[in-house]
Amino acid sequence: MEQILLDATDLQLLNLLQTDAAQSNQSLAQQVHVSPPTCLRRVKRLHDAGLIERQVALLQPDRLAALQGHGLSAMVEVTLDRQGGEWLDAFEARAVADDCVQQCWRVSPGPDFMLVVHTRDMPGYLALSQRLFTGDANVRNVKAFFATRRAKFETKIPLALT
């Protein structure tokens with residue numbers, strides 16, 4: 001990935017794309033006051049530099065739960081017995097490969113990992129826990145916090161816009 005310098009227009013584009021990545025190039029160009037070809041080139045450059053990791057649709061879990069059945073979200077602390085690099089890497093690889101794990105963070109101090117997980121229901125969580133925690137002899141402690149209400153969910157990274 002190339003190293004790039006960001007100017008005010010780049011930061012404005014990143015901010016706008018964080019809010020709504022489905023905007024047309026024409027709309028983005030108008031908002032940052034550049035021509036559409038210039039806008040397209042800048043956005044491609046931001047992608048190529050790795051500043052834009054990917055573009056996705058954010059689904060509303062409560063509305064999906066109403067259509068598909070109840071959903072269960074939890075934040076899970078995981079502490080391993082052995083914290084050598086190979087043990088941490090092995091657990092992390094298993095966690096990130098599981099579709100129910102939405103986020104996996106190595107943290108310090110305290111537990112070794114914080115996971116954000118989403119399953120259809122409690123039996124789904126039990127299956128996840130057997131796959132990731134019970135079946136791993138290196139998992140020493142698991143502490144799950146089940147979400148009762150989501151007050152805020154944001155994917156935007158604050159940018160210093162000038």
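For the rest of this paragraph, the subject is the pattern of salt bridges. Inspection of the entire model under this criterion finds nine salt bridges. In this structure, the salt-bridge partner of Arg94 is Asp136, at a minimum N-O distance of 2.6 Å. With a gap of 42 residues between them, Arg94 in helix α5 (residues 85-97) and Asp136 in the loop between α6 (122-134) and β4 (139-146) connect regions that are remote in the sequence. Relative accessible area serves as the criterion here: at 16%, Asp136 is assigned to the buried category. Through salt bridges with shared partners, one network takes in Asp7, Asp10, Arg42 and Arg45.

This paragraph deals with a nonpolar patch on the surface. Taken together, the side chains of Val56, Leu58 and Phe153 present a nonpolar region at the surface, about 310 Å² in accessible area. Mapped onto the elements of the fold, Val56 is located in the loop between α3 (36-48) and α4 (61-68).

Two elements in contact, helix α2 (residues 25-32) and α3, have axes whose closest approach is 8 Å; the angle formed by their N-to-C orientations is 100°. Accordingly, the angle class assigned to the pair α2 and α3 is roughly perpendicular. From α2, Asn25, Gln26, Leu28 and Ala29 reach across to α3, where they touch Pro36, Cys39 and Leu40. Residue composition of the contact of α2 with α3, grouped by class: five nonpolar, two polar and no charged.

The next subject is the side chain of Thr119. Here Thr119 shows up in strand β3 (residues 113-119). Exposure remark for Thr119: the relative accessible area of 4% places this residue in the buried category. A distance of 3.0 Å separates a polar atom in the side chain of Thr119 from the backbone oxygen of Asp121. Here Thr119 is in contact with Gly71, Leu72, Cys100, Gly124, Tyr125 and Leu128, once residues within four sequence places are set aside.

Another point: the state of the cysteines. Considering all chains together, one arrives at zero disulfides under this definition. A disulfide-free cysteine, Cys104 has its sulfur positioned 14 Å from the sulfur of Cys100, the nearest such atom. Residue class for Cys104 comes out partly exposed when judged on its relative accessible area of 24%.

Under the criterion given, the structure shown has two aromatic pairs. Residues Phe91 and Phe113 carry aromatic rings whose centres are separated by 4.9 Å and whose planes lie at 50° to one another, so their mutual orientation is tilted. One end of the pair, Phe91, is in helix α5; the other, Phe113, is in strand β3, with 22 residues separating them in the sequence. For the residue pair Phe91 and Phe113, the accessibility class agrees, reading buried in each case. A cation sits over an aromatic face here: Arg82 above Trp87, 4.0 Å from the ring centre.

The next subject is the sheet that holds strand β2 (residues 101-106). Within the open sheet, the four strands sit side by side as β2-β3-β1-β4. Their pairing is antiparallel. Of all strands in the sheet, those with a lone pairing partner are β2 and β4, marking the two edges. With strand direction ignored, the average angle separating the axes of adjacent strands in the sheet is 20°. Here strand β1 (residues 72-80) pairs with β3 via seven bridges, running antiparallel. Across the sheet, the residue bridging to Val76 is Leu115, located in β3.

Cut-offs used in this document
- Residues numbered from 1 in each chain as written.
- Predicted model: local features only at pLDDT ≥ 70, side-chain atom pairs only at ≥ 80, totals over all residues.
- Heavy atoms only, no water.
- Salt bridge = Lys/Arg side-chain N within 4 Å of Asp/Glu carboxyl O.
- Helix = DSSP H or I, 4+ residues; strand = E, 2+ residues; numbered from the N terminus.
- Buried < 20%, exposed > 50% of the residue type's maximum accessible area, 1.4 Å probe, protein only.
- Patch = residues over 30% accessible without salt bridge, like charges linked within 9 Å, V, L, I, M, F, W, Y side chains within 5 Å.
- Areas by Shrake-Rupley, 256 points an atom, 1.4 Å probe, with all protein chains shown as cover.
- Axes fitted to C-alpha atoms, helices over the stretch in contact; angles between N-to-C directions.
- Parallel < 35°, antiparallel > 145°, perpendicular 65-115°, else oblique.
- Contact = heavy atoms within 4.5 Å.
- Nonpolar A, V, L, I, M, F, W, Y, C, P; charged D, E, K, R; others polar.
- Polar contact = N/O pair within 3.5 Å; in protein donor to acceptor, adjacent residues only side chain to side chain.
- Disulfide = S-S within 2.5 Å.
- Phe/Tyr/Trp six-rings, centres within 6.5 Å; stacked < 30°, edge-to-face > 60°.
- Lys NZ or Arg CZ within 6 Å of the ring centre and 35° of its normal.
- Pairing = 2+ DSSP bridges.

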